[in-house]
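# A closer look at the structure
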Amino acid sequence: MNIPELLDRNKLPRHIAIIMDGNGRWAKERGEDRVHGHYEGVVSVREIVDACGEIGIGYLTLYAFSAENWNRPKEEVDALMELLVNTIRKEVDELKKNNVRMHVIGDFESLPEICRVELNEAIEITASNTGLNLVLALSYSSRDEIARAARLIAEQVQAGKLKCEEINDELIGRHLYTSGFPDPELMIRTSGECRISNFLLYQLAYSELYFTNVHWPDFRKPHLHEALLNYQQRERRFGKTSEQIQTNQPQHVQGNEE
Ligand code: IPE
Ligand code: IPE
Ligand code: MG
C-alpha cells in the first residue's frame, strides 16, 4: 500500500466529499474538446475510489453533476450522461469485488431512464458490500435537498404525525438525501475555484475545506494523500477554545447517522 508514513491512520476522516472541478479547463489547456476532460476525469475517479478503499475511508461523496449543470450545452450534457452509463457498466463488477457500496444522492427522477436503470442495478449489486460507501451526487442541488426535507417534514406536521417543537437539527438531517451518512469531515475542491456551488450546504457546516489548483483529471493518489496530511494538521475546534481541544481532541463532527 502506498500510504505516506506521515499519515496518522487514527486521525482519518470518515467521510470525504469532493467537488471534481476543472475537466473542461484541463482539456482546453491541451487543445482538446471539454468532453475529453470528462473522460480523463473518470481515471481520477477510479484512482481516488481505490485510494479511499485502501486507506479505509468510510464514505466518499463525489459531486459528478449538479442540478445547474443541466444548463450546459446539450452535447456536453448528453456526453456526460453517456459517460456515466458506460462507466457504471464497466466498473460495477470491480466495485462489487472491491467491497464498494454505491449510493446516489440528488434528483434521481430527472436523470435519463438509461442512467436510472444502470444506477439502480449498480446500487442493488453492491448493496451488501461493507467497505467504502461511494456516494455519487447527480443532478444534485443542496438547496433543493433542503427544500425537499422541509416539504417532507411539513407533510408530517400537516398529517398530525409530528409536532413543530419536534423539528430540530437531527430531524432535518434525517430528511436529507444523506440521512444515515456521517457529515464530511473533509471537503476537497479541485481546479482553484473557492466556492461550494450548491454542494452539501447543510452537511458541510463544520467540514474542513481544502482547495487545490490541480484540475480534476490530474488529481491522483498523491494529491489525496496531501489533502489528508493537510487535514490532519488542522485543529478542529467546534466553537471551543484551542486549550479545551488540546486536552480532549475530537476527531469527528456529529453527523446524522442512524
Ligand atoms: C467538472 O469539470 C465536471 C462537471 C461539472 C460535470 P468542469 O466541466 O466544470 O470543468 P471546468 O470548470 O469548466 O474547467
Ligand atoms: C460544480 O462544478 C459541479 C460539479 C463539479 C459536478 P461547476 O463547474 O458546475 O461549478 P461552477 O459553475 O463553476 O460554480
Ligand atoms: Mg467547473
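Residues numbered from 1 in each chain as written. Chains lettered and ligands numbered in written order. Predicted model: local features only at pLDDT ≥ 70, side-chain atom pairs only at ≥ 80, totals over all residues. Heavy atoms only, no water.

Here T126 shows up in the loop between α4 (113–125) and β4 (133–140). There is a polar contact of 2.8 Å between the side chain of T126 and the backbone oxygen of A122. Excluding residues within four positions of it along the chain, T126 makes contact with L95, K96, V100, R101 and M102. (Helix = DSSP H or I, 4+ residues; strand = E, 2+ residues; numbered from the N terminus. Polar contact = N/O pair within 3.5 Å; in protein donor to acceptor, adjacent residues only side chain to side chain. Contact = heavy atoms within 4.5 Å.)

Taken together, I19, M20, D21, Y63, A64, F65, S66, N69, R72, R189, R195 and S197 make up the full set of residues near ligand 2. One of the side-chain N or O atoms of N69 is found 2.9 Å from an oxygen atom in ligand 2. A distance of 2.8 Å separates an oxygen atom of ligand 2 from a polar atom in the side chain of R195. Protein burial of ligand 2: of its 390 Å² of free accessible surface, 78% is covered by the chains. Looking at the shell around ligand 2 element by element, the count peaks at four residues for strand β2 (residues 59–66). Partitioned by chemical class, the residues of the shell around ligand 2 number five nonpolar, three polar and four charged. (Near = heavy atom within 4 Å. Areas by Shrake-Rupley, 256 points an atom, 1.4 Å probe, with all protein chains shown as cover. Nonpolar A, V, L, I, M, F, W, Y, C, P; charged D, E, K, R; others polar.)

Here we come to the environment of L60. With respect to the helices and strands, L60 occurs in strand β2. According to the relative accessible area criterion, L60 is buried, its value standing at 0%. Sequence separation between L60 and L209 is 149 residues, and the spatial gap between their C-alpha atoms is 15 Å. When neighbours within four sequence positions are excluded, L60 is seen to be in contact with H15, I16, I18, I48, V49, C52, L132, N133, L134 and V135. (Buried < 20%, exposed > 50% of the residue type's maximum accessible area, 1.4 Å probe, protein only.)

Attention now goes to helix α3 (residues 74–97). Each α-helix turn comprises 3.6 residues. Residues three or four places apart therefore point the same way. With 24 residues, α3 extends 35 Å from end C-alpha to end C-alpha; this agrees with the ideal 34 Å at 1.5 Å per step. The sharpest bend along α3 reaches about 45° and sits at E91. Looking one or two residues beyond α3, the residue adopting positive phi is N99, at roughly 65°. (Expected span 1.5 Å × (residues − 1). Bend = angle between axes of the 7 residues up to and from the residue.)

Another point: the site of ligand 1. All residues adjacent to ligand 1 are M20, D21, G22, N23, G24, R25, R34, H38, A64, N69, R72 and L80. Take N23: an N or O atom from its main chain is 3.1 Å from an oxygen atom of ligand 1. R25 places a polar main-chain atom, nitrogen or oxygen, 2.7 Å from an oxygen atom of ligand 1. Within the complex, 87% of the 380 Å² of free accessible area of ligand 1 lies under protein. Of all elements in the fold, only α1 (23–29) and α2 (34–55) reach the threshold of two or more residues within the shell around ligand 1. Taken together, the residues of the shell around ligand 1 sort by class into three nonpolar, five polar and four charged.

With that out of the way, let us pick up the sheet that holds β4. Strand order across the open sheet formed by six strands is β3-β4-β2-β1-β5-β6, with parallel pairing between neighbours. The sheet terminates laterally at β3 (101–105) and β6 (208–211), the two strands that pair on one side only. Pairs of neighbouring strands in the sheet enclose a mean axial angle of 20°, with direction left out of account. Bridge count between strand β1 (residues 15–19) and strand β5 (residues 186–189): four bridges; the pairing is parallel. Bridge assignment links I16 to a residue of β5, and that residue is L186. Across the sheet, α2 lies against β1, β2 and β4, angled at about 160° from β2, the strand it touches most. (Pairing = 2+ DSSP bridges. Axes fitted to C-alpha atoms, helices over the stretch in contact; angles between N-to-C directions.)

Within the chain, L200 stands out as a residue other than glycine whose phi angle is a positive 45°. Topologically, L200 is positioned in the loop between β5 and β6. Residues other than glycine seldom take positive phi values, yet F238 does so here, at roughly 50°.

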